[in-house]
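A closer look at the structure
Chain by chain, the residues:
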Amino acid sequence: MTRDELIQKIKSLTPTALTSVKKAETTAIEYDELTKFPELKAVIVDLLSADYGKFIDSIDWVAPRPTTFRINLLNSQSFYLIFNKRSWIAEVEGKKYYLLNLPEEEMASKSIARILRYGAKVEGADGNVDNEGVDVEGSEEIPTPPEETGEV
């Protein structure tokens, strides 16, 4: 590859790289904590990608020492990010992942992806949360399969 070809390749790739950086910066403006704590933004981008705004509902600063943030997802699930002297700790569904270690960072990302798959809670007309057609109060009778009743 010649020098001119390399320069052309860099010029063509630069706008793509800058677009993802600008997208993360404009999304950070929505969340006050990300502008106050830029290290938090870097951790969230590492865990969720630059498109984190599509998955996060809000960010709450819940404790000053150790500095702890609750990341509320759009599907009403949440996880915690805790700042330690050495690195960040992600607490997802009660399990702690030390983000200084790359394998644990990958496991934290997978765990967050798992809770994102839970889906959104659906509220019924009476305000009770209904998960896939099951009545929360238990008054709905579960239909019996036709094989057990003798019907075909």
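The structure we're discussing is the one just above.
So, a few notes on the structure that sits alongside this text.

For the chain, the count of helices and strands is 5 helices and 7 strands. Buried residues in the chain amount to 26% of all 152 residues. Pairs at least 24 residues apart make up 30% of the contacts formed inside the chain by residues separated by at least 6 positions. Accessible surface, the chain: about 10900 Å² in total, of which carbon and sulfur atoms supply 54%.

The next thing to look at is the packing of aromatic side chains. Inspection of every chain in the model, using the stated rule, returns 5 aromatic pairs. On the numbers, 5.0 Å between centres and 75° between planes, the contact of F37 with W61 is edge-to-face. You can see F37 sitting in the loop between α2 (32-36) and α3 (38-48) and its partner W61 sitting in strand β1 (residues 56-63), a full 24 residues away along the chain. Classification of W61 as partly exposed rests on a relative accessible area of 44%. Here F37 and F69 contribute two aromatic rings whose centre-to-centre distance is 5.0 Å and whose plane-to-plane angle is 70°, an arrangement assigned as edge-to-face. Of this pair, F37 sits in the loop between α2 and α3 while F69 sits in strand β2 (residues 68-73); the two residues are 32 residues apart in sequence, bridging distant segments of the chain. Pairwise contacts between aromatic rings join F37, W61, F69, F83 and W88 into one cluster.

In this section: the pattern of salt bridges. Summed over all chains, the structure comprises 2 salt bridges. For D60, the salt bridge is made with R70, and the minimal N-O distance between the two is 3.0 Å. You can see D60 sitting in strand β1 and its partner R70 sitting in strand β2, a full 10 residues away along the chain.

With that settled, the discussion passes to helix α4 (residues 102-116). Look at α4: 21 Å from first C-alpha to last across 15 residues, which is about the 21 Å you get at 1.5 Å a residue. Against the buried residues of α4 lie α3, β2, β3 (78-83), β4 (88-92) and β5 (95-98).

Here we take up unusual backbone geometry. Cis geometry is adopted by the peptide bond preceding P66, which originates at R65 and carries an omega value of -15°. Looking at the element boundaries, P66 is found in the loop between β1 and β2. Even without being glycine, S49 reaches a positive phi, approximately 90°. Mapped onto the fold, S49 is located in the loop between α3 and β1. What makes S49 partly exposed here is its relative accessible area of 35%. Phi at E93 is positive, roughly 50°, even though this residue is not glycine. Along the chain, E93 turns up in the loop between β4 and β5.

Analysis parameters
- Residues numbered from 1 in each chain as written.
- Predicted model: local features only at pLDDT ≥ 70, side-chain atom pairs only at ≥ 80, totals over all residues.
- Heavy atoms only, no water.
- Helix = DSSP H or I, 4+ residues; strand = E, 2+ residues; numbered from the N terminus.
- Buried < 20%, exposed > 50% of the residue type's maximum accessible area, 1.4 Å probe, protein only.
- Contact = heavy atoms within 4.5 Å.
- Areas by Shrake-Rupley, 256 points an atom, 1.4 Å probe, with all protein chains shown as cover.
- Phe/Tyr/Trp six-rings, centres within 6.5 Å; stacked < 30°, edge-to-face > 60°.
- Salt bridge = Lys/Arg side-chain N within 4 Å of Asp/Glu carboxyl O.
- Expected span 1.5 Å × (residues − 1).

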